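Residues per chain, in single letters:
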Amino acid sequence: MHLRKGLALAAGAVVGLAACGSSSSAGTTGCTNLNATALGGSVGAPSLANAADMVAAPATVGGAVVKIGFQGMLAGSSKNYGIDAKNGVQMAIDDAGGGFTFNGTPYTLEVDAQDDVDATAAGAQTAAQKLADDKVVAVVGGIFSTASIAAQKIYHDNGIAQISPSATNPKYTDQQPTPISSFRVIGRDDQQGPIGADLLVKTLGCKNIAVVDDKSTYGAGLAAAAATQIPVDGGTVVATEHVTAGPGGDFKSQLTTIKGKNPDAIYYGGYSQEAGPFAKQAKDLGLNIPIAGGDGWQNSDFKDLAGASGDGAFASNGGPAVSSLTDFQAKYKAKFNQDVFQYAPQAYDATNIIIAALKKDGPDKAKIIADIGATKDYKGISGTISFNSKGDVIDTVFTIWKFTGGDWKPFKPVTTHNPTS
């Protein structure tokens, strides 16, 4: 199956079903397989041998302090994303015994966490410069794509490795300075968007799709990737709308326009703060059709904001919905007195990859970048991680989730593949 930039969807990952042949009446879905249940593929646990090696490691605290930086949202409307990922970094350090030993010398690990002000570009650059001034050896973050991209030149110019647990926009790796120093442990939007298109057109049998984005780097890129794939799959984009991100959003104007186009379904690129109210307002307007999106709103915020109106929504998210994650979630809750919000597992894996480099070559920033780039078949919580020459994960799993009965439930896994270069 064709994906942009040469990306190939694993054969058989999405089951093709006949798309509906006529447009729907306003507010009523014309999808031919709306009641599809999970259609194959195992939601089983991968081997977590490498991640397990980091658990209950003997304490090696002592000697000089080595700082691992974290860049993300620690206050404001998006703080749940940042605090969750920062907690994942801290868990990895704690599970490594709080430090590491290199050539017989013990080092203590600390998190240096900097707020990037709701993931703004200016906030990201300020946070990145502060981390560089603090002499961190590597950074986990940013969380959102805009902030991750805005900060990466500062990290590159200071010879600091950057691993984002969650930045999915292709520009993050495609347009980074060379030699590369930025990596990600999650798939890209030109993989994720087509997965959403395949779900709507091929799996659910929806033919006429409205595409909406929140004008963010992430949301617009994800929606564009879905819009590109929809006609490839045999569907039609019948409307393209843009909403403004921010609290208290009123989307009735865009939804009224969409309703007039008689879509069978909607693809929404954006975050939960807007996706939840968007889904609720769609139902209030009589648009009883599926809404699909990406990892930006497969979280508890959507549950709280959409309520019962969210039932029937779908969202993809990076990583498998594995049974072994239950242990991670239990340990996380015991430590932080809250549930995993979203990207803590990926941040945990990113930190462990950095720690592995520190154990191998010590706090040498150039060697850390090289060691991260050479990562191959690292078995982490979020999956098996190998990086290609651009800093992308070569093979990655997205899980499609369905919001039903007031909560997200795994629907099906989809494996995607990046070329090695």
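For the structure itself, consult the block above.
Here's what I pulled together on the structure shown here. Since this is a predicted model, take the numbers as computed values, not measurements. (Residues numbered from 1 in each chain as written. Predicted model: local features only at pLDDT ≥ 70, side-chain atom pairs only at ≥ 80, totals over all residues. Heavy atoms only, no water.)

Turning our eyes to something else, we now look at the state of the cysteines. Per the counting criterion, the structure on display carries one disulfide. At a sulfur-sulfur separation of 2.0 Å, the disulfide partner of C31 is C206. Residues C31 and C206 share a disulfide whose torsion about the S-S bond is about 105°; that sign makes it right-handed. Pair noted here: C31 is in the loop between strand 1 (8-9) and helix 1 (49-53) and C206 is in the loop between helix 6 (189-203) and strand 8 (208-213), with a separation of 175 residues, a long-range link. By relative accessible area, C31 is classed as buried at 12%. Classification of C206 as buried rests on a relative accessible area of 0%. (Disulfide = S-S within 2.5 Å. Helix = DSSP H or I, 4+ residues; strand = E, 2+ residues; numbered from the N terminus. Buried < 20%, exposed > 50% of the residue type's maximum accessible area, 1.4 Å probe, protein only.)

Counting 77 residues, the largest nonpolar core has I68, L358 and I372 as its most contacted members. The greatest single-element share of this core, amounting to seven residues, is contributed by helix 12 (residues 344-361). Core analysis: the second largest hydrophobic core is formed by 25 residues, V212, A239, L255 and A315 among them. (Core = buried A, V, L, I, M, F, W, Y, C linked by side-chain atoms within 4.5 Å.)

Moving on to the environment of D392. With respect to the helices, strands and loops of the structure, D392 is situated in the loop between strand 14 (384-385) and strand 15 (395-404). Between the C-alpha atoms of D392 and D174, which are 218 residues apart in sequence, the distance is 9.2 Å. Beyond its immediate chain neighbours, meaning those up to four positions away, D392 contacts T173, R184, R188, S386, F387 and N418. (Contact = heavy atoms within 4.5 Å.)

Further remarks concern the sheet that holds strand 3 (residues 99-102). Backbone-to-backbone hydrogen bonds join strands into a sheet, with any given pair of strands oriented parallel or antiparallel. Pairing is mixed in the open sheet, where six strands are placed in the order 3-4-2-5-6-7. Each edge of the open sheet carries a strand with a single partner, namely strand 3 and strand 7 (182-184). Taken over all neighbouring pairs, the strand axes of this sheet differ in orientation by 30° on average, direction set aside. Inspection of the sheet shows strand 3 paired to strand 4 (residues 105-115) by four bridges, in the antiparallel sense. Bridging across to strand 4, F102 finds its partner in T105. In the packing of helix 2 (residues 79-95) onto the sheet, the strands contacted are strand 2 (65-72), strand 3, strand 4 and strand 5 (138-140), and the crossing angle to strand 4 comes to about 175°. (Pairing = 2+ DSSP bridges. Axes fitted to C-alpha atoms, helices over the stretch in contact; angles between N-to-C directions.)

Turning our eyes to something else, we now look at the packing of aromatic side chains. Each pair of aromatic rings is reported with the distance of its centres and the angle of its planes. Counted by the stated rule, this structure contains 20 aromatic pairs. Relative to F403, the ring of F302 lies with its centre 5.3 Å away and its plane at 85°, an arrangement referred to as edge-to-face. A residue pair is termed long-range when its members are at least 10 positions apart, and F302 in helix 10 (residues 300-306) and F403 in strand 15 qualify at 101 residues. The exposure class assigned to F302 is buried, which follows from its relative accessible area of 0%. Classification of F403 as buried rests on a relative accessible area of 0%. Both rings, one in F314 and one in F411, keep their centres 5.3 Å apart while their planes meet at 75°; by these two values the pair is edge-to-face. Here F314 is found in strand 12 (residues 314-318), whereas its partner F411 is found in strand 16 (residues 407-417), with 97 residues between them in sequence. For F314, a relative accessible area of 1% puts it in the buried group. Ring pairs connect the aromatic residues F251, Y268, F278, W297, F302, F403 and W408, which therefore count as one cluster. (Phe/Tyr/Trp six-rings, centres within 6.5 Å; stacked < 30°, edge-to-face > 60°.)

Take the packing of helix 11 (residues 325-336) against helix 12 next. Closest axis-to-axis distance for the helix 11/helix 12 pair is 11 Å, and the angle between their directions is 90°. In this view, helix 11 runs roughly perpendicular relative to helix 12, as classed from their interaxial angle. In this structure, helix 11 uses L325, F328 and Y332 to contact helix 12, whose residues at the interface are A344, P345 and Y348. A class-by-class count of the residues in the contact of helix 11 with helix 12 yields six nonpolar, no polar and no charged. (Parallel < 35°, antiparallel > 145°, perpendicular 65-115°, else oblique. Nonpolar A, V, L, I, M, F, W, Y, C, P; charged D, E, K, R; others polar.)

A separate point is the pattern of salt bridges. Tallied over the entire structure, the rule returns 14 salt bridges. The salt bridge involving D157 is made with K153; its shortest N-O contact spans 2.7 Å. Of this pair, D157 and K153 both sit in helix 4 (residues 145-157), four residues apart, roughly one helical turn. D284 is the salt-bridge partner of K280, the closest N and O atoms lying 3.6 Å from each other. Taken together, the residues K280 and D284, both in helix 9 (residues 272-284) and four residues apart, mark about one turn of the helix. What makes K280 partly exposed here is its relative accessible area of 37%. You can call D284 exposed: its relative accessible area is 54%. Each member of the salt-bridge network shares a partner with another, and the members are D174, R184, R188, D190, K390 and D392. (Salt bridge = Lys/Arg side-chain N within 4 Å of Asp/Glu carboxyl O.)

Along the chain, G141 connects to G142 via a cis peptide bond; the corresponding omega equals -5°. You can see G142 is positioned in the loop between strand 5 and helix 4. A cis amide bond, omega -5°, links T178 with the succeeding residue P179. With respect to the element layout, P179 can be found in the loop between helix 5 (171-174) and strand 7. Residue N337 is not a glycine yet carries a positive backbone phi of 60°. Summarising the element assignment, N337 is placed in the loop between helix 11 and helix 12.

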